[in-house]
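# Fold and contact review
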Amino acid sequence: MATADGLGWLGKPVRADRARSAQRLRDGSRVAVIGAGPAGSMFSYFLLNMAESVALDLEVDLYEPRHFCHRGPAGCNHCGGVVSESLVQRLATEGINLPDDVVQHSLESYTLHMDVGDVEIATPLHESRIAGIYRGNGPRNSEPLDTRSFDGYLQHLANERGARLINRLVTNVRTQDDSMRIECADGSYGDYELVAIASGVNSRLLESLNDLAEDHRPPALTKTFICEFRLGKEVIRQAFGPSMHVFLLDIPRLEFAALIPKGDYVTLCLLGDDIDDRLLDRFFSSPEVIRRFPEGSIPRPVCHCYPRINVRTARPPYGDRLVMIGDSGTTRLFKDGIGAAYRTAKAAAKTAVFHGVSVEDFREYYWPLCRKIDSDNRVGKLVFWVGSLMQRSRFARRGVLHMVAAEQKQSQVPRRMSSVLWDLFSGSAPYTDVFQRTLQPGYVGSLIHHLVAGNLPFKSGADVHRPGERERGH
Amino acid sequence: MGTDSRPESSAQPFRIRAGQRAKTPACQTHCPIGGDIRGWLCILSQHHKLGLSLEQACDRAWEKLVQLNPFPATLGRICPHPCERGCSRTAKDGAVCINAVERFLGDWGTARQLPLPKILGRNCTESVGVIGAGPAGMSFAYQMSRRGYPVTIYEKTELPGGMLRHAIPDYRLPRGVLDAEIQRILDLQISLVPGIEAGDDISFAELRARHRVLFLGMGAQAARQLGVAGEAGPGVLSAIEYLARRKQGIGGGLGKRVMVVGGGNTAMDAARSARRDGAEVTLLYRRRLQEMPAVANEVQDALAEGVRFEFLAAPQRILRDGPMVIGVEVQRMRLGEADVDGRQRTVPIPGAVAAVGADTVLAAVSQKPAWRGFGEVGPDSKWLHTKKDGKLADDTWAGGDDCGPGTAARAIAQGRLAAEAAHAELRGEAPSRGQQARPAVEPASVRPDYYEVLPRGGTRRRPMERWLAEPEVEIEQTLGREQASREAARCMSCGLCFGCQQCFMYCNAGGFTRVEEPEPGRYYALALESCEGCGKCIELCPCGYLEPREGAVA
């Protein structure tokens, strides 16, 4: 079962393993990390930490040509910017304490919007909040924020830990005798004993590496959409509150849509299968969406992009002296990309320090985690497929709404649907977990009950906000 | 649910479409010649991307450089390089040493005996006469000759070069360097007639009859006098006269104490030359150090060589004992109110007068025209007033110091502009506007933090204790090939693509494709069909080459 903790911390008799591998890191070995997003920075951080624990002296070069202090897409790593509390706590146990000024907006609930009504899902007991963050330094032309870039913070952490930041764009990686050569856009190059590729899937580096590993299949991608609306703090507080707003709409190819308040801005994140203009038009003209905005009018976004996401793991995400981490290798479907970056970074660092850097080492010690994520994603696809079936049926939507509303109203009943949706929205739990919960008799029974109750022609008593019945103040 | 509340997709984001547009960088706008500095620096720094060896790149960069300036080795030594003041790198880690790279390329071209590039085209046969073989005249002659015109230059002295030859000391510009660059121009089959003073030895009417086009580049040969009592007589001479005599090997005779009057580059040359002739040198300047028109480097070097500076001081009378100069009566000045140009007037401080001992006084207080016999086209000893393109009268063009004092770079630029205009007129073409048509680089569009910190390389100089000991040996040394290429690599290529690849690498839509045969400014082609309008490429572009296309909002 894949859980957020992935592989354990320092394993058992690791020294014996180190001696076995033909290719391993030695004192003075040079490691290149390409990309200083969360995967690259955390990999550098873990690698140096673990190396120190076995008195191994490594030189780590962290390549990143961009600056996360820039506003707008140039300094951004394109994502919705939501980190679950469980991940925040997990990072804290690794010594990565997210400072308050990295967290844009502390979110306390999800609000679910459907044509049949809205309902708020409060934080489950084990979660205290969700953190809204900016990967870069905020939207285009924004005023200086009183918060810091999430990626910039992790990069700084890696740098403090001893990774050398190199402000160059890597354009190629190739084998050179017994090591790996990294070539940069300015014509410079460097040779390394290990290269970790953390360039994500919004760079073309992976494309240029076709001849690097035989039969390498790069990750499969799909197009998403993210934009920022500037509404001002006060309006956002009134219209959105400390809640992330999720829309379950009957729009083909749209798997997930959410509005995430962040200070003066609201981030819109649309996930699905190749989000395009037609889909955007349908989304922006949905009454459920329009209603969320003050006076029913959606302003033009100040900043937008169509980031690609990884929807199928690269095969294999490693080679001799080569490992792909974060989105470059594998990630969780739609959600928790930063959590996946954390887990792959840690597993790859652990393999490199305690086992070796040959293709066999990565196959034996790194691949199992990727495979685990990969198979969980297959379950995830099923879950989203079932979800989209429900989105298409007004009958099902009414039942879901009724069930959540009833659960939220009474504190004693088990919050079956609420927790399923929460974990689905936040990515806090593996999809396999979520799916298994939906197979439990209690869940199924309860759902059937609410499907019936939710579709009765008179009010059931649950605290459901139906459109038209609810007056929103301005 | 009603549909009346549906907006007309007003929430669709603005599509920002990128455009690729070369712009004029600040170094170029600051350069009197308007040279494509970025162009030749980029050939050096991008040679590996262009598939050139460093040698090939040096050849090509030199060829680009001499398009507008046939004197790179010379100007690489003496130009006050205002280009460097425009450099976007200044605030980051110091301007690119453009002048030092120019000098390297100049010496490279000379050492390789590279021929000046001709402009092949129509057969231009109109005869061209040039008066004065200084930088303006040589530049005009070069530009006409490379277009195929037969050119004759009339020079009143025995050797060509004008002030470059006669007034600039060897320790700044060795004569061999200048000789080689002049010879290379003359090798374009220009005939040089030395020892003939136009307007005197040969009449202007005669010149008009011989040549379809005339260019007047006589310079400003006469020195202004100090205008103080006791000036006439031995012991007081002009700085240019002294410098010219020295260049001819007639030195010495200055005595022990020399006083130089003036604050320009000629004053510095005279003062430093006098130090080399063994004199104690005092320099009088009526304003302060910060107002000195001389290049800061020259002032620093003069100080280092022991020239004593007296600021806010002006000569009032030359003191003589019989015919011999024994000193100068110096009036202390203060700065008064600003005049119409905003420059503060200097006002004498009553009673603050002192006698300072001197054996020779060198006046370096500007120059003025000295010619006669040009009739109405150029009244005797009056500055020439041309149009902007150098046209003085029908078929007559002019440039250089005879149009008002300036630098050699400006003279070369004026010669070239006049040649371009004359050529266009002869061929009945519209004058070309060239690169000036490009918009200037917006300073905010250049992102210095993209570039690595690479401290200014500086130039190489001989140790200071050798300067006066070997008085005629050049102080600055030319950079090596690798050094020059490293310095060129500091150029941020403001306003022109240098192939940083970020747009290509980070465009989600794959809108950029590599150009098969790249050249500076052309590394990636942009196809807008796939553009998603996020504007990331524009914001990532470090040099300001990519810009939002006008009217590109959808």
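Position numbers for residues count from 1 along each chain, tracking the sequence in the order it is written. Just so you know, chain letters begin at A and ligand numbers begin at 1, following the order they were written in. Note on the predicted model: pLDDT of at least 70 is required for a residue's local features to be given, and 80 or more for side-chain atom pairs to be given and counted; whole-chain, interface and lining totals, by contrast, use all residues.

### Quick look at the sheet that holds strand 8 (residues 257-261) of chain B
Residues and elements named next belong to chain B. Defined as follows: Two strands qualify as a pair provided DSSP detects at least 2 bridges between them. Strands are runs of DSSP state E lasting at least two residues, helices are runs of H or I lasting at least four, and both sets are numbered from the N terminus onward. Axis lines are fitted to C-alpha atoms, over the contacting stretch for helices. Their N-to-C directions set the angle, which ranges from 0 to 180 degrees. Throughout, a residue-residue contact means that the two C-beta atoms, derived from backbone geometry, are no farther apart than 7 Å.
Read from one edge of the open sheet, five strands run 7-14-8-9-10, paired in parallel fashion. Pairing within the sheet leaves two strands with one partner each, and these edge strands are strand 7 (236-238) and strand 10 (308-311). Ignoring strand direction, the axes of neighbouring strands in this sheet form an average angle of 25°. Two elements, strand 8 and strand 14 (residues 360-363), share four bridges in a ladder whose sense is parallel. Bridge pairing in strand 14 links Val261 to Ala363. Running over the sheet, helix 12 (residues 239-247) touches strand 7, strand 8 and strand 14 and is turned about 80° from strand 7.

### A look at the environment of Arg140(A)
Residues and elements named next belong to chain A. Residue position: Arg140 is located in the loop between strand 7 (130-133) and helix 4 (150-161). The spacing of Arg140 and Leu248 is 108 residues in sequence and 29 Å in space, taken between C-alpha atoms. In contact with Arg140, other than residues within four places in its own chain, are Arg71, Gly72, Val302 and Cys303.

### Details of the packing of helix 11 (residues 394-409) of chain A against helix 12 (residues 416-426) of chain A
Residues and elements named next belong to chain A. Filter applied, for reference: Each angle receives one of four descriptions, namely roughly parallel if under 35 degrees, roughly antiparallel if over 145, roughly perpendicular if within 65 to 115, and oblique otherwise.
Packing of helix 11 against helix 12 leaves a shortest axis separation of 7 Å and a crossing angle of 105°. It follows that helix 11 is roughly perpendicular to helix 12 by the angle criterion. Residues Val400, Met403, Val404, Glu407 and Gln408 of helix 11 pack against Arg416, Met417, Ser418 and Leu421 of helix 12.

### Describing the interface of chain B and chain A
Just so we agree on the cut-off: Here the term charged refers only to Asp, Glu, Lys and Arg, the term nonpolar to Ala, Val, Leu, Ile, Met, Phe, Trp, Tyr, Cys and Pro, and the term polar to all other amino acids, Gly among them.
The interface of chain B with chain A comprises 28 residues on the first partner and 32 residues on the second. Only helix 17 (502-506) and helix 18 (536-540) of chain B provide two or more residues apiece to the side of chain B that touches chain A. Top contributing element to the side of chain B that touches chain A by residue count: helix 17 of chain B, with four residues. Among the residues making up the side of chain B that touches chain A, the classes are represented as 11 nonpolar, 10 polar and seven charged.

### Looking at the nonpolar core
Rules: A set of buried residues qualifies as a nonpolar core if it consists of Ala, Val, Leu, Ile, Met, Phe, Trp, Tyr and Cys joined through C-beta atoms within 7 Å. With C-beta atoms placed from the backbone, a residue counts as buried when 20 or more other C-beta atoms lie within 10 Å of its own, as exposed when 12 or fewer do, and as partly exposed for counts between those limits.
The biggest cluster of nonpolar side chains holds 291 residues, and the ones touching the most others in it are Phe43(A), Leu47(A), Val195(A), Ala196(A), Ala239(B) and Val260(B). A per-element tally of this core places helix 8 (residues 337-354) of chain A first, with 11 residues. In contact with Val260(B), not counting residues within four places along its chain, are Ala239(B), Ala267(B), Ala270(B), Ala271(B), Ala274(B), Val281(B), Leu283(B), Leu362(B) and Ala364(B).

### Overview of the confidence of the model for chain A
All names here are of chain A. Keep this limit in mind: Looking at any residue, its pLDDT shows the predictor's confidence there, from 0 to 100.
Summarising the model, chain A shows a mean pLDDT of 84, and 88% of its residues fall at 70 or more. pLDDT under 50 marks residues 1-18. Its contacts with residues more than four places away, or in other chains, come to 29 contacts. Considering only residues more than four positions removed or in separate chains, one finds that residues 467-474, a stretch of pLDDT under 50, has three contacts.

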